[in-house]
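The lines below spell out each chain.
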Amino acid sequence: MGNVSRVIIRPPGVSGKAKRGQICFDAAFETGNLGKANLIGDFEYDLFLRPDTCNPRYRFWFNFTVDNVKQDQKVIFNLVNISKSRNLFNSGLTPLVKSSSRPKWQRLPKKHVFYYRSPHHQNHYVLSFVFCFDKEDDVYQFALAPPYSYSRLQSYLNVIENRQNQAEKKFTKSVLTKSLQNRNVDLITIDHVTGKLKTNRIDRSFIRVIVILCRSHANASPASFMCQGFLEFLLSSHNIAKILRENFVFKIVPMVNPDGVFLGNNRCNLIGQDMNRVWQVATEFSHPEIYAIKNMLREIDNSDSYQIDFVVDLHAHTSLHGCFIYGNTYEDVYRYERHLVFPRLFAGNAPDYAANNMIFNADEKKSGCARRFCCERLSDTVNAYTLEISMGGHYLKDGKTVAAYTEEGYYRCGRNLARTFLQYYRFINVLPVPLPTEVRQKKRRPRTHQSRSRSKTRYEVKPRPKTTRCYAPISYTNLSICYDSGGSSDEGGFSPTRTVAPGSSHFSGYRNYRRVASSTTIPSTSSQQHQQTHDQFALLRIKSGRFDLAHDPLLHDYCGKTKSQSPEKQTRFEVPVNVPPKPYLSIIDLNQLTRGSLKMKSASFED
């Protein structure tokens, strides 16, 4: 069943030329979806959504136009075959409408929209809304969310490509592959990393790569607006954008499913496959888009010059409000703690973030999605997330009022994503943290006029009593996440075993520095013993209670004086022992991130 194409609905027994008021429906355009329209009363219509091509399971997206109306004509539209009963229509979501004279999308008032079970439609859920046409010559368009078509993406990419300076290009556009219907799967690459040589990973001077995927599902048009806001911010002259461009490589795929977007499907591609459930079985012939993206990720991951830090898949959610992140769970507790850092930082930058909707799981049902595939098949340093944004709106500070998203709201979420990357890399000490003197001061109003005359009465200002202040000993640089460590996944073997790709070095894609080092037995010396026991939080030292207090800098107070030391606590290790490597991010550091402060580390020794 295809979309309706200029179908005029006439009353029974009426034929000939259509008169004003006999509504004409049309969905035969890009991203359009309306399969059938029936007149069931003088002013009431039953509308049937067209299911996805080769898959009748998904019916939720709609986008159609109406014309040949009469002024002040009132109608009732009933969408009678929505397949998803649990959606935002239960929470205040309403359809969008615009007309040829008013091209800006507007939400219908909630009092005119109803979502209910209908006994006349086999007890299925029905979405009904009332509308009054106020202009005869206008063409009215109704949609679930603001559409973002394949043609719009191509036009936008051409505009920003022609707008950039040819002498200093900020990005390069290439065609990653072709879809089943021969449409482009574009790849935007931003690579202006300076000051680093592309050397072997043993030297630990690799370049960090951030991969952004978008529009795996055809109905997720808000995700395209979010991706455009992210891309526009990176290509701008903002200071944050300049720092990100000069230090990291960005690989952006703005439309993973161009065929489904063009056809107006809800989720699937041309052959009825959900593009976010086939990553583990994607082939070159049935899923060329996913197959090409997987090859790109593997190539970067096996490179000796690059390291993938993030794979973020952008989506739109139809059942929840706000923006939130889906992540993975790991048996390796240190990798799981490191995985929680970015969502917490993003929550601090996005005022519309819904922390209650955030989920970290390892559900078998989602085994074919992008985030599950990347965390299992790529290196242990990869953080793979699904960033969801609502099709409806987000809660305000009162927790009850819902503010509807607009296109600008989706752009803003993309900009917040870019800012979070800068904050994350400063948090793990990859980028330097600016000093307080370097932060731009707030501009004050110039004193262009004389101040008002004040009373001559002077009041004695009492000096503030002197009190002792102890600042927190934990600075920003203390909370570093060491990517170069061997990691507990290498020592414990929790991650799935992966073979080395042919033609790549033993260090490509996995960063198993300690595994290679431990494969050769080297007699330990006194200097090596000192390196093995330098970590004051090593598991063996904590378990035995033996600490080298004479050389612990954290046991010095803030005035430069050394705390009293008992003789029994000055025991040193005389024989070499196998000490586990320092974890990526300790539990103490995660508590600092969540609570904002820590007690003095010396209190742990007193206990």
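Scroll up a little and you will see the structure.
Residues numbered from 1 in each chain as written. Predicted model: local features only at pLDDT ≥ 70, side-chain atom pairs only at ≥ 80, totals over all residues. Heavy atoms only, no water.

Draft legend 1. Spotlight on the sheet that holds strand S2 (residues 24–26). Judged by pairing direction, the sheet is antiparallel, and its six strands sit side by side in the order S1-S2-S5-S11-S7-S8 without closing on themselves. Here the strands that pair on one side only, and so sit at the sheet edges, are strand S1 (7–8) and strand S8 (106–107). (Pairing = 2+ DSSP bridges. Helix = DSSP H or I, 4+ residues; strand = E, 2+ residues; numbered from the N terminus.)

Draft legend 2. The arrangement of the sheet that holds strand S14 (residues 207–214) in detail. Strand order in the open sheet made by the eight strands is S12-S13-S15-S14-S16-S19-S17-S18, with mixed pairing throughout. This sheet does not close on itself; its edge strands, each paired only once, are strand S12 (172–178) and strand S18 (359–361). The average undirected angle you get between the axes of adjacent strands in this sheet is 20°. The pairing of strand S13 (residues 184–191) with strand S15 (residues 249–253) spans four bridges and is antiparallel. Its bridge partner being in S15, Ile188 is matched across the sheet by Ile252. Sheet strands in contact with helix H9 (residues 407–427) are S14, strand S16 (306–317), strand S17 (323–328) and strand S19 (383–390), and its direction is about 155° off that of S16. (Axes fitted to C-alpha atoms, helices over the stretch in contact; angles between N-to-C directions. Contact = heavy atoms within 4.5 Å.)

Draft legend 3. Structural context of the pattern of salt bridges. What the rule picks out here adds up to 11 salt bridges. The partner of Asp67 in a salt bridge is Arg6, with the nearest N and O atoms 2.6 Å apart. One end of the pair, Asp67, is in strand S5 (residues 63–67); the other, Arg6, is in the segment before S1, with 61 residues separating them in the sequence. Since its relative accessible area comes to 13%, Asp67 is described here as buried. Between Glu161 and Lys173 there is a salt bridge, and its shortest N-O distance comes to 3.5 Å. Of this pair, Glu161 sits in helix H1 (residues 150–163) while Lys173 is found in strand S12, placing the two residues 12 residues apart along the sequence. Overall, the relative accessible area of 25% leaves Lys173 in the partly exposed class. (Salt bridge = Lys/Arg side-chain N within 4 Å of Asp/Glu carboxyl O. Buried < 20%, exposed > 50% of the residue type's maximum accessible area, 1.4 Å probe, protein only.)

Draft legend 4. Up close: the pairing of strand S6 (residues 73–79). Taken across its seven residues, S6 has five buried, putting it largely inside the fold. Across four bridges, strand S4 (residues 44–48) lies against S6 in parallel orientation. When the bridges of S6 are listed, Tyr45 appears paired with Phe77. Here S6 pairs with strand S10 (residues 124–133) via seven bridges, running antiparallel. Paired with Gln73 across the strands is Phe133, a residue of S10.

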